[in-house]
Amino acid sequence: FPSHDSKTTSSRGGAPGVMGVGVLLGSPTGFSFKSHQSGYHFYDLALAYSLQSGETFHIHADYLWQRPNQFFIDQVPMFTYFGIGARLKHFDHHKKNDSFALGLRLPAGFGYYVSQSQIELFAEMALIMDVIESTHLDLNIGVGGRFWF
């Protein structure tokens, strides 16, 4: 694997690669993708499934601002992030009256890049305001990990 050259990782906002692929566990649970754009700016995408409020398939996409070294746990530098995005949710009512929800998503979280590896660990929560089919507030909470390429 490539080594962590401080000049290279700082030009990628601290990320050990240009794209991370992994899992998100919580509400919802599924696959997580994160891509470095420039400086401390990232795109985030998840394809997930939830049993909350019935069986639902969930897709979200966010634009994230990441802030490195915001605090330390046992001398490990942690980053924080916040962003704005959208979520599309499909409700499966057992093949009857399927419905969709579309809303604004405001994520915030923290994480760290495991030293001398290509691994990122993170925790996140996101406030969501659905505006289509009806207005509804929701909260997603999850933890996850990604392998960076």
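Here the structure is a predicted model, which is why all the values come from computation and not from measurement.

Colleague: Lay out the environment of alanine 48 with the relevant residues and their values.
Modeller: Considering the arrangement of structural elements, one finds alanine 48 in strand β3 (residues 41-50). Along the sequence, alanine 48 and glycine 26 sit 22 residues apart, while their C-alpha atoms lie 9.8 Å from each other. Apart from residues no more than four positions distant in its own chain, alanine 48 is found in contact with Pro28, Thr29, Gly30, Thr56, Phe57 and His58.

Colleague: Just give me the short version of the packing of aromatic side chains, but keep the residues and values in it.
Modeller: For the structure on display, the rule yields 9 aromatic pairs. Among the aromatic residues, those joined into a cluster by ring pairs are Phe42, Phe79, Tyr81, Tyr113 and Trp148. In this structure, lysine 34 packs its charged tip against the face of phenylalanine 42, placed 4.7 Å from the ring centre. Looking at arginine 146, its charged tip hangs above the ring of phenylalanine 122, at a distance of 4.0 Å from the centre.

Colleague: Give a detailed account of the sheet that holds strand β5 (residues 76-92), specifying residues and quantitative values.
Modeller: If you walk around this closed barrel you meet the 8 strands as β1-β2-β3-β4-β5-β6-β7-β8, and the pairing is antiparallel. Recorded for the sheet is a direction-independent mean angle of 25 degrees between the axes of neighbouring strands. Note: β5 against strand β6 (residues 99-113), 11 bridges, orientation antiparallel. Within β6, the position partnered with glycine 85 by the bridge is arginine 105.

Colleague: Outline the nonpolar core, listing residues and values.
Modeller: If you look at the biggest cluster of nonpolar residues, it comprises 10 residues: Ala15, Leu24, Phe42, Ala46, Leu64, Phe79, Tyr81, Tyr113, Phe122 and Trp148. If you list the elements that add at least two residues to this core, you get β3 and β5. Leave out the neighbours within four places in its chain, and phenylalanine 79 touches Lys34, Gln66, Arg67, Pro68, Asn69, Gly109, Phe110, Gly111, Tyr112, Tyr113 and Glu120.

Colleague: Report on the pattern of salt bridges, specifying residues and quantitative values.
Modeller: One pass over the structure, following the stated rule, counts 8 salt bridges. Linking lysine 89 and aspartate 138 is a salt bridge whose minimum nitrogen-to-oxygen distance equals 3.3 Å. Here lysine 89, found in strand β5, pairs with aspartate 138, found in strand β8 (residues 136-148); they are 49 residues apart in sequence, far enough to count as distant. Accessibility classification places lysine 89 together with aspartate 138 in one group, the buried group. In this structure, a network of salt bridges that share partners links the residues Lys34, Asp44, Glu120 and Arg146.

Colleague: Help me get a handle on the pairing of strand β2 (residues 29-38), residues and values and all.
Modeller: The pairing of strand β1 (residues 19-27) with β2 spans 6 bridges and is antiparallel. Residue glycine 20 lies in a different strand from β2, and its bridge partner there is lysine 34. What sits between β1 and β2 in their antiparallel hairpin is a turn of 1 residue. Pairing of β2 with β3 involves 9 bridges; the strand directions are antiparallel. Across the sheet, residue glycine 30 finds its bridge partner in β3, namely alanine 48. The loop that links β2 with its antiparallel partner β3 comprises 2 residues; one of these, glycine 39, has a positive phi angle of about 50 degrees.

Here is what the cut-offs are and how they apply
- Residue indices follow the written sequence of each chain, beginning from 1 at its first position.
- Reporting of local features is limited, given that this is a predicted model, to residues whose pLDDT is at least 70; pairs of side-chain atoms are given and counted only at 80 or more, and all residues count toward the totals for whole chains, interfaces and linings.
- Hydrogens are left out, water is left out, and the side-chain values use all remaining heavy atoms of the structure.
- Put simply, DSSP marks the helices as runs of H or I at least four residues long and the strands as runs of E at least two long, and each gets a number from the N terminus on.
- The contact criterion used throughout is that any non-hydrogen atoms of two residues lie within 4.5 Å.
- Only Phe, Tyr and Trp rings are paired, with Trp represented by its six-membered ring, and only when their centres lie within 6.5 Å; those with planes under 30 degrees apart are stacked, over 60 edge-to-face, the remainder tilted.
- Ring-over charges, as used throughout, are those where CZ of Arg or NZ of Lys falls within 6 Å of the ring centre and within 35 degrees of the ring normal.
- We call two strands paired when DSSP finds no fewer than two bridges between them.
- Interaxial angle, 0 to 180 degrees, is taken between N-to-C directions of lines fitted to C-alpha atoms, where a helix line uses only the stretch in contact.
- Among the buried residues, those of types Ala, Val, Leu, Ile, Met, Phe, Trp, Tyr and Cys that are joined through side-chain atoms within 4.5 Å form a nonpolar core.
- Residue exposure (1.4 Å probe, protein chains only): buried if accessible area is under 20% of the type maximum, exposed if over 50%, otherwise partly exposed.
- Only one rule defines a salt bridge in this text: a Lys or Arg side-chain nitrogen within 4 Å of an Asp or Glu carboxyl oxygen.

Read these as spatial facts, not as claims about activity.
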